[in-house]
Each structure stands twice: as structure tokens, then as C-alpha cells.
Amino acid sequence: MATVEFNIEARRDLRAYRAWLRKEAGRRIADRWIEALLDWVEKLRDFPDLGTPRPDLRAALRTRVFRRSVTIAYVSVDGRVTVLRVLARGRDLTAELFSADR
């Protein structure tokens with residue numbers, strides 16, 4: 001079983017997405033939606049290779065889409081899954097990944 005962790009940028013993404021959802025849909029719906037997303041990400045503990053490989057962007061990078069509205073970008077190496085970004089639909093994964101590396 002792998003461990004799952006969120007890096008700083010992914011945590012920032014989650015906070016920003018939660019804030020936006022609260023504004024648009026209300027606190028209760030936003031909190032339930034984020035909880036469902038976090039539960040879904042936790043499944044990577046048992047199945048770290050579920051996502052689509054994206055070696056064109058970064059070694060060991062994989063992506064998964066949650067409810068057709070959020071892309072989860074993560075790496076799975078040596079029993080550790082690190083979520084790099086949590087991006088709302090329409091955001092440019094390439095630009096977001098490489099701006100975070102600077």
C-alpha cells in the first residue's frame with residue numbers, strides 16, 4: 001500500500017477550489033464535494049498506477065480526472081504518491097506544472 005501526500009501547490013489548489021465552490025454553491029456542498037475528491041484521491045493508496053501516464057511532461061507523472069471537472073496530477077514513485085496539482089477544468093496542466101517548478 002502506497003502513502004499519499006499533497007505538496008504545497010496541491011494544498012493551495014485545494015484551498016482555492018474550496019473557496020470558489022463555497023462562493024458558487026455554498027459551504028455545505030463545497031465541503032462535501034472536496035471530501036469526495038479527497039476520498040477519491042485516497043484510492044491511489046491501493047492503486048497508484050490508475051492514472052494516465054504523462055512522461056511527455058514529467059517523469060513518473062500521471063493524471064486522473066475527478067467528476068469531469070478537476071484534473072489531479074501526481075507522481076507515484078517507490079510506494080509514495082505525491083499529488084502535485086489539483087486543477088479545475090480548463091486550466092493548462094503544462095503551464096501550471098512548470099510555473100510551480102520555478
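Residues numbered from 1 in each chain as written. Predicted model: local features only at pLDDT ≥ 70, side-chain atom pairs only at ≥ 80, totals over all residues. Heavy atoms only, no water.

K.L.:
Which residues make up unusual backbone geometry, and what are the values?
P.N.:
Notably, Arg-67 is not glycine yet its phi reads approximately 50°, a positive angle. Considering the arrangement of structural elements, one finds Arg-67 in the loop between strand S3 (61–66) and strand S4 (70–77). For Asp-78, which is not glycine, the phi dihedral falls at a positive 50°. Examined against the element boundaries, Asp-78 turns out to sit in the loop between S4 and strand S5 (80–88). For Asp-78, a relative accessible area of 79% gives the class exposed. (Helix = DSSP H or I, 4+ residues; strand = E, 2+ residues; numbered from the N terminus. Buried < 20%, exposed > 50% of the residue type's maximum accessible area, 1.4 Å probe, protein only.)

K.L.:
I'd like a rundown of the nonpolar core, residues and numbers included.
P.N.:
Core analysis: the biggest nonpolar cluster contains 21 residues, and Trp-33, Leu-37, Val-41, Val-70, Ile-72, Val-83 and Val-86 have the highest contact counts within it. When contributions to this core are tallied by element, the ones reaching two or more residues are strand S1 (3–6), helix H1 (8–25), helix H2 (27–42), S4 and S5. Tallying contributions element by element places H2 first for this core, with 6 residues. The residues contacting Leu-37, other than those within four sequence positions of it, are Leu-14, Phe-66, Val-70, Ile-72 and Val-86. Membership of the second largest hydrophobic core comes to 5 residues, among which are Leu-57, Ala-73, Val-75 and Leu-84. (Core = buried A, V, L, I, M, F, W, Y, C linked by side-chain atoms within 4.5 Å. Contact = heavy atoms within 4.5 Å.)

K.L.:
Provide a residue-level description of the environment of Thr-82, including the pertinent values.
P.N.:
Within the element layout of this structure, Thr-82 appears in strand S5. Sequence separation between Thr-82 and Leu-44 is 38 residues, and the spatial gap between their C-alpha atoms is 9.9 Å. Leaving out residues up to four positions away in the same chain, Thr-82 has contacts with Glu-5, Asn-7, Ala-73, Tyr-74 and Val-75. Here Glu-5 takes part through its side chain, which lies 3.2 Å from a polar atom of the side chain of Thr-82. (Polar contact = N/O pair within 3.5 Å; in protein donor to acceptor, adjacent residues only side chain to side chain.)

K.L.:
Explain H1 to me, using residue names and the numbers behind them.
P.N.:
For H1, spanning 18 residues, the distance from its first C-alpha to its last is 25 Å, which sits close to the expected 26 Å at 1.5 Å a residue. Residues Ala-10, Asp-13, Leu-14, Tyr-17 and Leu-21 constitute the buried set of H1. In an axial view of H1, the angular spread of the buried residues amounts to 100°, which keeps them on one side of the axis. Facing away from the buried side of H1 by over 90 degrees, the exposed positions are Ile-8, Arg-15 and Lys-23. Buried-residue contacts for H1 involve S1, H2, S4 and S5. Once H1 ends, the next one or two residues include Gly-26, with phi positive near 100°. (Expected span 1.5 Å × (residues − 1). Arc of directions from axis to C-beta.)

K.L.:
Which residues make up the pairing of S5, and what values do they have?
P.N.:
Of all 9 residues making up S5, 7 are buried, and the element is well covered by its neighbours. Note: S1 against S5, 4 bridges, orientation parallel. Within the sheet, the bridge partner assigned to Thr-3 lies in S5 and is Arg-80. Judged from the 8 bridges that link them, S4 and S5 form a sheet pairing that is antiparallel. (Pairing = 2+ DSSP bridges.)

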